[in-house]
Amino acid sequence: MDVFLSALDGYPIQSGLILIGLGIIYLVFRMDNQKKESYQDKNITGKTSVVQSWGIIFILFMSGIILIIKGL
């Protein structure tokens, strides 16, 4: 865990770009799955997982942007 945290502190711009890249990859994956599945056909746990996945995408983007701003 210390290696990960030291990489975030030592290389904030590169870490921010990696987090934004992971967010883009997850966004593409989520959009592909959303086309295959209907939101109305899901039960409450399926709807909760959709909301949580969008939250993870938002957190990845915001963390990446914050790290990039921190590195400038």
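All values reported here derive from a predicted model rather than from experimental measurement.

Attention now moves to helix H3 (residues 44-71). Along its 28 residues, H3 runs 41 Å from first to last C-alpha, staying within 8% of the 40 Å computed at 1.5 Å per residue. Within H3 the residues assigned to the buried category are Gly46, Val50, Ser53, Ile57, Leu60, Gly64 and Leu67.

This paragraph deals with the environment of isoleucine 13. Mapped onto the elements of the fold, isoleucine 13 is located in helix H2 (residues 12-36). Given a relative accessible area of 32%, isoleucine 13 falls into the partly exposed group. Residues isoleucine 13 and lysine 70, 57 residues apart in the sequence, show an inter-C-alpha distance of 7.8 Å. With residues up to four places along the chain from it excluded, the contact list for isoleucine 13 reads Leu67, Ile68, Gly71 and Leu72.

What follows is about the confidence of the model for the protein chain. Interpretation of the predicted coordinates at a detailed level should be avoided for regions scoring low in pLDDT. Put simply, the protein chain has an average pLDDT of 83, and 88% of its residues get 70 or more. At the low end of the mean pLDDT range in the protein chain sits helix H1 (residues 2-10), at 75; at the high end sits H3, at 88.

Before going further, it helps to examine a nonpolar patch on the surface. There is a patch of nonpolar side chains on the surface, built from Phe58, Ile59, Met62, Ile65, Ile66 and Ile69 and spanning about 600 Å² of accessible area. Along the chain, the position of phenylalanine 58 falls in helix H3.

Our next topic: the side chain of serine 15. For serine 15, the position within the fold is in helix H2. The exposure class of serine 15 is buried, given its relative accessible area of 11%. The residues contacting serine 15, other than those within four sequence positions of it, are Ala7, Leu8 and Leu67.

Scoring rules and cut-offs
- Residues numbered from 1 in each chain as written.
- Predicted model: local features only at pLDDT ≥ 70, side-chain atom pairs only at ≥ 80, totals over all residues.
- Heavy atoms only, no water.
- Helix = DSSP H or I, 4+ residues; strand = E, 2+ residues; numbered from the N terminus.
- Expected span 1.5 Å × (residues − 1).
- Buried < 20%, exposed > 50% of the residue type's maximum accessible area, 1.4 Å probe, protein only.
- Contact = heavy atoms within 4.5 Å.
- pLDDT = per-residue confidence, 0-100.
- Patch = residues over 30% accessible without salt bridge, like charges linked within 9 Å, V, L, I, M, F, W, Y side chains within 5 Å.
- Areas by Shrake-Rupley, 256 points an atom, 1.4 Å probe, with all protein chains shown as cover.
- Salt bridge = Lys/Arg side-chain N within 4 Å of Asp/Glu carboxyl O.

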